[in-house]
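So the chains spell out like this:
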Amino acid sequence: MLKRSFMILCIHIFCVLFMGCGKIKPEFKVMESGYESQKEELDENNTDMPEKTDSSEIVKVEETKPMSVAQAFSSVLLNETEMFCTIREQGEYTEVIKSNEGYGLLKEMPYAERKEVIYFAVVDLDGDMISEVVVELENYDYIVLRYRKGQIRGMSVSNKEMDLFKKNGLFRQISGCDAGRIGKLHYIGDVMVFDEALRMADQYTFYLYDIISDEKTWREINNFYYESPDVEWHDYTEKAVHEWIIENPLFTEISVETTKNSNIRQEYLDSLSYLIDITYDYWLKNDEEYRKAAVAYYEGCQKEMNKIYELCQEKLSEEELEELQNEQQDWQENFDLRLEKELSRYEIEDMEDLLEIDDRSAYFRYGEITLRRTLRLVDLFYGFGNYVI
């Protein structure tokens, strides 16, 4: 009797196991956030048993150690490793819109597949003490390569967006609406945000970090930029990659502390990605969605600036705090003055009235000015002096 009960129990367990193997759960392959996800599904009617796999055929996948900065850059430059590349396109009213992403070897990236890479330069564009590599193409456009947690991310830009790179990280940006601008970069996620340090809007209007300046000061700083040493461009050869990337102390002698501090600051900047998301294809939205996007972007930028400003006040010494408060007051007064002039053109007093006359672009423009101020306060909070001028 005991033997019979034991056999019935074994048969029952076997049936349960058999039924449990009848279907395989759908397996999801999700690419990194921000890119299209892929899903593989099996036919629900497929109840075939999976083929038995011999234990000797199972290969253990070991975790791979992230590549060093020098290894990561060199493997991309030598077309040994694929990378993601953001193809940046300037929007109608705001300049921080991210467009399409590509994935592949450097030689396969947009622009690069049509124009050969001819030079590259090493320069720290965002002030985090870890240099970027700027690749120049035949048509004088560029692909900016940056290191982030063991991977290289690329950004494709035109020579109107970035040109005349200096060793101190400054570069020039040409714009059709003014006489040119000088500044540095910040990254929010995979988007480059131009940190405008100096701009001449016309022959009578000058700005220094979005604060109205006089012509004399503007010319002094403008001369400082043009007299600063240019970056050193290297021929795009395997020998040069070994010399200026693999054996370059700027990449081989990066301390753990530098990498840690860079990552902490970048994680905070990445938390602002939702602001960039608001700007995606906003001009393709209907009127009501466009209105909501404009207001959400402006209010979000204001909220983030106030948040980091409060954090800075809690951290700084009494002397530093006084300096920051004076600087912030100066910035706010200039901001209000510019906005007041903007509104006076329409003979209105409040930004909300802009929505009534169907002009929502000001929300994006002044949101962008506020975002730039936010980024500088982030640098101050984390101790990065991303101010050369």
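Read on for a plain summary of the structure. (Residues numbered from 1 in each chain as written. Predicted model: local features only at pLDDT ≥ 70, side-chain atom pairs only at ≥ 80, totals over all residues. Heavy atoms only, no water.)

This brings us to empty space enclosed by the protein. All told, the structure shown has three cavities of 30 Å³ or more when counted by the stated rule. The volume enclosed by the largest cavity comes to roughly 120 Å³. Forming the walls of the largest cavity are 14 residues, and the residues nearest its centre are Asp128, Arg146, Tyr147, Arg148 and Ser262. Those elements that place two or more of their residues in the lining of the largest cavity are β7 (142-148) and α6 (256-270). When residues of the lining of the largest cavity are assigned to their parent elements, the largest contribution, four residues, is made by α6. (1 Å grid on protein atoms, 1.4 Å probe; cavity = no way out; pocket = protein on both sides within 12 Å on 5 of 7 lines; lining within 4 Å. Points joined across faces, edges and corners; volume = space filled by probe spheres on them. Helix = DSSP H or I, 4+ residues; strand = E, 2+ residues; numbered from the N terminus.)

With that settled, the discussion passes to helix α9 (residues 318-344). The end-to-end C-alpha distance of α9 is 39 Å, a good match for the 39 Å that 27 residues give at a rise of 1.5 Å each. When α9 is considered as a whole, its buried residues turn out to be Leu324, Gln328, Trp331, Asn334, Phe335, Arg338, Leu339, Glu342 and Leu343. Residues of α9 that are buried make contact with β11 (191-202), β12 (205-208), β13 (211-213), α8 (287-315), α10 (352-356) and α11 (361-382). (Expected span 1.5 Å × (residues − 1). Buried < 20%, exposed > 50% of the residue type's maximum accessible area, 1.4 Å probe, protein only. Contact = heavy atoms within 4.5 Å.)

A few words now on helix α3 (residues 215-227). Between its terminal C-alpha atoms α3 stretches 18 Å, which fits the 18 Å expected from 13 residues at 1.5 Å a residue. Along α3, the residues that are buried comprise Trp218, Ile221, Asn222 and Tyr225. The buried residues of α3 occupy one face: seen down the axis, they fall within an arc of 105°. Of the exposed residues in α3, the ones pointing more than 90 degrees away from its buried face are Lys216 and Glu227. Structurally, α3 contributes buried residues whose contacts are with β9 (171-173), β10 (181-188), β11, β12 and β13. Sitting at the amino-terminal end of α3 is Asp214, which places a side-chain oxygen 3.1 Å from the backbone nitrogen of Lys216. (Arc of directions from axis to C-beta. Polar contact = N/O pair within 3.5 Å; in protein donor to acceptor, adjacent residues only side chain to side chain.)

Attention now goes to the sheet that holds β11. Taken in spatial order, the five strands line up as β9-β10-β11-β12-β13 in an open sheet, and their pairing is antiparallel. Of all the strands in the sheet, just β9 and β13 have a single pairing partner and so form its edges. The mean angle between the axes of side-by-side strands here comes to 50°, regardless of whether they run parallel or antiparallel. Where α3 meets the sheet, its contacts fall on β9, β10, β11, β12 and β13, and the angle it forms with β11 comes to roughly 130°. (Pairing = 2+ DSSP bridges. Axes fitted to C-alpha atoms, helices over the stretch in contact; angles between N-to-C directions.)

Take the packing of helix α2 (residues 69-77) against helix α4 (residues 238-246) next. Interaxial distance between α2 and α4 falls to 10 Å at its minimum, and their mutual angle equals 160°. Considering their axes alone, α2 and α4 lie roughly antiparallel with respect to each other. Crossing angle aside, the handedness with which α2 passes α4 is right-handed. Residues Ala70, Phe73, Ser74 and Leu77 of α2 touch α4, and the partners they reach there are Val241, Ile245 and Ile246. Partitioned by chemical class, the residues of the contact of α2 with α4 number six nonpolar, one polar and no charged. (Parallel < 35°, antiparallel > 145°, perpendicular 65-115°, else oblique. Left-handed = near helix turned anticlockwise from the far one by under 90°. Nonpolar A, V, L, I, M, F, W, Y, C, P; charged D, E, K, R; others polar.)

To continue, consider the pairing of strand β8 (residues 151-157). Of all seven residues in β8, six are buried, a share of seventy percent or more. Sheet topology note: the β7/β8 ladder contains seven bridges and is antiparallel. Looking at the pairing, Ile143 lines up with Ser156 of β8. Hairpin connection between β7 and β8: a loop of two residues separates the two successive antiparallel strands, and Lys149 in this loop has a positive phi of roughly 50°.

This part is about the packing of aromatic side chains. In the structure shown here, the tally under the stated rule is 16 aromatic pairs. Ring geometry for Tyr298 and Tyr363: centres 5.7 Å apart, planes at 85°, overall edge-to-face. Of the two residues, Tyr298 is situated in helix α8 and Tyr363 in helix α11; the sequence distance between them amounts to 65 residues. We note that Tyr298, like Tyr363, is buried. Every member of this aromatic cluster is reached through a ring pair, and the members are Tyr142, Phe165, Phe171, Phe194 and Trp233. Geometry around Phe381 places Lys315 over its ring, the cationic atom sitting 4.6 Å from the centre. (Phe/Tyr/Trp six-rings, centres within 6.5 Å; stacked < 30°, edge-to-face > 60°. Lys NZ or Arg CZ within 6 Å of the ring centre and 35° of its normal.)

The geometry of α8 relative to α11 is characterised by a closest axis approach of 8 Å and an angle of 25° between their N-to-C directions. One finds that α8 runs roughly parallel with respect to α11. Handedness of the crossing formed by α8 with α11: left-handed. Looking at the contact of α8 with α11 residue by residue, the classes come out as 21 nonpolar, four polar and four charged.

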